[in-house]
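Below are the chains, spelled out letter by letter.
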Amino acid sequence: RRRTISAMVTPSNTALILGSLFCWNCLSASVSNILDLERLTTVIFGLIHEALEIQSGILFVVHKETDENGAAQFHLRGIRGMGEGEVSFGSLSAKNPVTAYLYRQRRPLTQYDIDLHPRFQNITLSARDWFSDLNMDVYVPIYAKGEWIGLLALGPKRSGDRYFDDELTLLSTLADQTAVALEN
């Protein structure tokens, strides 16, 4: 019996299959050589849309500032890659639980966790509203030389499915490739 490709693709193995279909070395070369942020954003979210059929996405460039008291503040400037609507500028304190997670854990974070996980219950109302107003499902931090320099914010998938662990791993790999271009 012959099985079609669509019959072999399940939510749990989608990213694994897609990862093998993409030439990550080619991706690395093409993404890392893009110097224009809007073009970079278009390419990144085009790839993610093809793979996961997301409905919206924003690339945030993160800039860290330290005040005279040594308190860090992270400013996020967004560039919409997919979807519609205004992209709001964000500013997050290093003391914010979400910021601390993204900065220290260096792993994707879901909006579901921000809303319901006890570790994020002390997030300020303004930060909670900012994340909620973005209408995104997952946030993937981008690092270069140990510093948080960007954030991929991904909206819901057309299927309505959640993001699975293997997909989050694939997105983290893409974030690593994006770091090279953001450094440039």
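Residues numbered from 1 in each chain as written. Predicted model: local features only at pLDDT ≥ 70, side-chain atom pairs only at ≥ 80, totals over all residues. Heavy atoms only, no water.

## Describing helix α4 (residues 37–52)
Under the 1.5 Å per step criterion, the end-to-end length of α4 is 22 Å for 16 residues, consistent within 8% with the ideal 22 Å. Within α4, the full set of buried residues consists of Leu 40, Thr 41, Val 43, Ile 44, Phe 45, Ile 48, Ala 51 and Leu 52. Glu 53, located one to two residues past α4, shows a positive phi value of around 55 degrees. (Helix = DSSP H or I, 4+ residues; strand = E, 2+ residues; numbered from the N terminus. Expected span 1.5 Å × (residues − 1). Buried < 20%, exposed > 50% of the residue type's maximum accessible area, 1.4 Å probe, protein only.)

## Comments concerning the pattern of salt bridges
Within the structure shown, the criterion is met by one salt bridge. A salt bridge links Glu 167 to Lys 157; its shortest N-O distance comes to 2.8 Å. Here Glu 167, found in helix α8 (residues 165–183), pairs with Lys 157, found in the loop between β6 (147–154) and α8; they are 10 residues apart in sequence, far enough to count as distant. Accessibility expressed as a relative area gives 2% for Glu 167, which makes it buried. On the accessibility criterion, Lys 157 (4% relative accessible area) is buried. (Salt bridge = Lys/Arg side-chain N within 4 Å of Asp/Glu carboxyl O.)

## Considering helix α7 (residues 125–134)
Considered for burial, the residues of α7 that qualify are Ala 127, Trp 130, Phe 131 and Leu 134. Along the axis of α7, the buried residues cluster in a sector spanning 90 degrees; they form a single face. Within α7, the exposed residues directed more than 90 degrees away from the buried face are Leu 125 and Asp 133. Buried residues in α7 make contact with β1 (57–66), β2 (72–82), β3 (90–93), α5 (97–105), α6 (111–116) and β5 (138–144). Downstream of α7 by a residue or two, Asn 135 has a phi angle that is positive, lying close to 60 degrees. (Arc of directions from axis to C-beta. Contact = heavy atoms within 4.5 Å.)

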